[in-house]
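Survey of secondary and tertiary structure
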Amino acid sequence: MSDKLLTHKTNTPTPPPACPACGEHDRLWRVEEGAAYLGIHVDTLRDFIKARRVPVVKVGRVHRLRRADLDEFIAAQTVPAVRDAG
């Protein structure tokens, strides 16, 4: 048996770099990159886009995403913690 580690290869892209100094935060992201950033499946993000839960930029027939819009989406989905009254 081989001593090499078996790794599971996924088709999940890595999110684009989030470096404000390099200007990457201003570029438009592909749906696959947005899904990776959110940590969800691409089909789930496409469903959110179709339901207009996530704002998109349409470039012809292609959807593109802004990081700021995804950050707002995350903030809107955040459920605050409840402190125990004890």
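The preceding data block contains the structure.
Let me sum up the structure you'll find in this document. (Residues numbered from 1 in each chain as written. Predicted model: local features only at pLDDT ≥ 70, side-chain atom pairs only at ≥ 80, totals over all residues. Heavy atoms only, no water.)

1. Structural notes on the overall build of the protein chain
Looking only at helices and strands, one finds 3 helices and 2 strands in the protein chain. For the protein chain, the succession of helices and strands along the chain, N to C, is α-α-β-β-α. The contacts of the protein chain with a sequence gap of at least 6 include a subset with a gap of at least 24, amounting to 39%. Carbon and sulfur atoms make up 53% of the accessible area of the protein chain, which totals about 7,100 Å². (Helix = DSSP H or I, 4+ residues; strand = E, 2+ residues; numbered from the N terminus. Contact = heavy atoms within 4.5 Å. Areas by Shrake-Rupley, 256 points an atom, 1.4 Å probe, with all protein chains shown as cover.)

2. Describing the nonpolar core
Counting 12 residues, the largest nonpolar core is built from Trp29, Val31, Ala35, Leu38, Val42, Leu45, Phe48, Ile49, Val54, Leu65, Leu70 and Phe73. Elements supplying a minimum of two residues to this core: helix 1 (31–38), helix 2 (42–50) and helix 3 (67–77). For this core, the element with the most residues is helix 2, which contributes 4 residues. Beyond its immediate sequence surroundings of up to four residues, Ala35 is in contact with Ile40, His41, Val42 and Leu45. (Core = buried A, V, L, I, M, F, W, Y, C linked by side-chain atoms within 4.5 Å. Buried < 20%, exposed > 50% of the residue type's maximum accessible area, 1.4 Å probe, protein only.)

3. Concerning the pattern of salt bridges
Note that side chains of opposite charge can pair when their charged atoms are close. Tallied over the entire structure, the rule returns 6 salt bridges. One salt bridge in this structure joins Arg30 and Glu32, with 3.6 Å as the shortest N-O distance. Of the residues examined, Arg30 reaches a relative accessible area of 37% and is grouped as partly exposed. Note that Asp71 is salt-bridged to Arg67, the shortest N-O span being 3.6 Å. Here the residue Asp71 and the residue Arg67 both occupy positions in helix 3, the gap between them amounting to 4 residues, near one helical turn. Taking relative accessible area as the criterion, Asp71 reaches 31% and is therefore assigned partly exposed. The network of salt bridges with shared partners includes Arg27, Arg30, Glu32, Glu33 and Arg46. (Salt bridge = Lys/Arg side-chain N within 4 Å of Asp/Glu carboxyl O.)

4. With respect to the packing of helix 1 against helix 2
Between helix 1 and helix 2, the least distance of the axes is 9 Å, while the angle of their chain directions is 105 degrees. Taken together, the axis directions place helix 1 and helix 2 in an arrangement best described as roughly perpendicular. In this structure, helix 1 contributes Val31, Glu32, Gly34, Ala35 and Leu38 to the contact, and helix 2 contributes Val42, Leu45, Arg46 and Ile49. Tallied by class, the residues present in the contact of helix 1 with helix 2 amount to 6 nonpolar, 1 polar and 2 charged. (Axes fitted to C-alpha atoms, helices over the stretch in contact; angles between N-to-C directions. Parallel < 35°, antiparallel > 145°, perpendicular 65-115°, else oblique. Nonpolar A, V, L, I, M, F, W, Y, C, P; charged D, E, K, R; others polar.)

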